[in-house]
Amino acid sequence: LNPSGSIKDRFAREVVLDAEHRGLLRPDSIILECSSGNTGIALSMIGAAKGYRVAILMSEGASHERRQLIQQLGAELILFRSEGRYQTGIEMSRAMAAKDARYFLPRQFDNPLNVQDHERGTGQEILRQVPGPIGCFIAGFGTGGTLAGVSRAIKACYPQAKAFAMEPAESAVLAGECPCCHYIEGVADGFVPPLLRNAPLDGEIKVPSAEAMAMTQRLHREHGLLV
């Protein structure tokens, strides 16, 4: 029920409010982030609501629906050729910020606020709403913020609970395999995000892209869940 349709609204809201509190955002600031889609949409939405310019770096391979949403919310969309390497966009954002002081970088992949917000927010909501004890938490990861934060919250309440990372079977980097092409958009960007390095994980679960796509269609057509 997040307003732009994804859990990334939480981090976007937290990072903008924190930056305002610390005086890092000015009237001429431009929020700049590299995103595969959802974080870019969330930041575009909050930028529009708060009156900030937003620029989103996105791989040319990202879906047209996500591109259109970002532009519809008034943000500038900057496409780049990733050549299968997501870090290209992250490096571009840092280079742009080094040349222009107006750019503010949320740094979703290494900002500790990403984990803290899910530990204090999302995780606590799950604990309130799910009848305990919770035995296991499984989630995919992009930045790793949701997976790390919620895992910490659940394990603090239920020490015996397990936490597993879902990875595309074709690109299981946490399992020590080489990154490769997959079709589960928004997760597994080909590297281990810094926010996951100290996360309390118990293992990985590999899901083939074909199975993920088939389940997505089932959820659409049998349950009306537009995931």
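Here, every reference points to the structure presented above.
Throughout what follows, the structure given in this document is the object of discussion. (Residues numbered from 1 in each chain as written. Predicted model: local features only at pLDDT ≥ 70, side-chain atom pairs only at ≥ 80, totals over all residues. Heavy atoms only, no water.)

Bringing the overall build of the protein into the picture now. Scanning the protein for helices and strands turns up seven helices and seven strands. Order of helices (α) and strands (β) in the protein, N terminus to C terminus: α-β-α-β-α-β-α-β-α-β-α-β-β-α. The C-alpha atoms of the protein give 18 Å as radius of gyration, which agrees with the globular expectation for 227 residues (17 Å, within 12%). Taking the principal axes of the C-alpha coordinates as reference, the protein spans close to 50 × 35 × 35 Å. Within the span of the protein, comprising 227 residues, buried residues form 45% of the whole. (Helix = DSSP H or I, 4+ residues; strand = E, 2+ residues; numbered from the N terminus. Rg over C-alpha atoms; globule rule 2.2 N^0.38 Å. Buried < 20%, exposed > 50% of the residue type's maximum accessible area, 1.4 Å probe, protein only.)

Once that is clear, we can look at empty space enclosed by the protein. Evaluation of the coordinates by the stated rule reveals one cavity of 30 Å³ or more. The computed volume of the largest cavity comes to approximately 40 Å³. Along its surface, the largest cavity is lined by Ile7, Lys8, Phe11, Thr39, Gln108, Asn114, His118, Thr143 and Thr146. A class-by-class count of the residues in the lining of the largest cavity yields two nonpolar, six polar and one charged. (1 Å grid on protein atoms, 1.4 Å probe; cavity = no way out; pocket = protein on both sides within 12 Å on 5 of 7 lines; lining within 4 Å. Points joined across faces, edges and corners; volume = space filled by probe spheres on them. Nonpolar A, V, L, I, M, F, W, Y, C, P; charged D, E, K, R; others polar.)

Moving on to the pattern of salt bridges. Scanning the model with the defined rule gives eleven salt bridges in all. For Arg10, the salt bridge identified is with Glu125, shortest N-O distance 2.9 Å. Of the two residues, Arg10 is situated in helix H1 (residues 8–21) and Glu125 in helix H5 (residues 112–129); the sequence distance between them amounts to 115 residues. Classification of Glu125 as partly exposed rests on a relative accessible area of 24%. In this structure, Glu119 engages Arg152 in a salt bridge whose closest nitrogen and oxygen atoms are separated by 4.0 Å. (Salt bridge = Lys/Arg side-chain N within 4 Å of Asp/Glu carboxyl O.)

So, on to the packing of H1 against helix H2 (residues 38–50). Where H1 meets H2, the axes come as close as 8 Å, and the angle between the chain directions of the two elements is 45 degrees. Viewed along their axes, H1 and H2 adopt a mutual orientation that is oblique. Between H1 and H2 the crossing geometry is right-handed. On H2, the residues touching Lys8, Asp9, Ala12, Arg13, Val15, Val16, Leu17 and Glu20 of H1 are Asn38, Thr39, Ala42, Leu43, Met45, Ile46 and Lys50. (Axes fitted to C-alpha atoms, helices over the stretch in contact; angles between N-to-C directions. Parallel < 35°, antiparallel > 145°, perpendicular 65-115°, else oblique. Left-handed = near helix turned anticlockwise from the far one by under 90°. Contact = heavy atoms within 4.5 Å.)

Across the sheet, which stays open at both edges, the four strands sit in the order S3-S2-S1-S4 with parallel pairing between neighbours. Since the sheet does not close on itself, it has two edges, and those belong to strand S3 (76–80) and strand S4 (103–104), each with one partner. Both strand S1 (residues 30–34) and strand S2 (residues 53–59) contribute to a ladder of five bridges, which runs parallel. Counted as the bridge partner of Leu32 is Ala55 from S2. (Pairing = 2+ DSSP bridges.)

Turning our eyes to something else, we now look at the nonpolar core. Counting residues in each nonpolar core, the largest one holds 22 residues, and the members touching the most others are Val15, Val16, Leu25, Ile31, Leu43 and Ile70. For this core, the secondary structure elements donating two or more residues are H1, H2 and S2. For Ile31, the residues in contact, after removing those within four places along its chain, are Val16, Leu25, Leu43, Tyr52, Arg53, Val54, Ala55, Phe104 and Pro106. Among the nonpolar cores identified, the runner-up in size contains 16 residues, and Phe141, Leu147, Ala153 and Ala199 belong to it. (Core = buried A, V, L, I, M, F, W, Y, C linked by side-chain atoms within 4.5 Å.)

Turning to unusual backbone geometry, a few remarks are in order. Residue Pro133 follows Gly132 across a cis peptide bond; omega there is -5 degrees. Within the element layout of this structure, Pro133 appears in the loop between H5 and strand S5 (136–139). At Arg107, a residue that is not glycine, the phi angle is positive and equals roughly 55 degrees. As for its placement among the helices and strands, Arg107 is situated in the loop between S4 and H5. Looking at Arg107, the relative accessible area reads 37%, which means it is partly exposed.

With that out of the way, let us pick up helix H6 (residues 145–157). The end-to-end C-alpha distance of H6 is 19 Å, a good match for the 18 Å that 13 residues give at a rise of 1.5 Å each. Judged by how many residues are buried, H6 sits mostly within the fold: ten of 13 residues are covered. Along H6, the residues classified as buried are Gly145, Thr146, Leu147, Ala148, Gly149, Val150, Ser151, Ala153, Ile154 and Lys155. (Expected span 1.5 Å × (residues − 1).)

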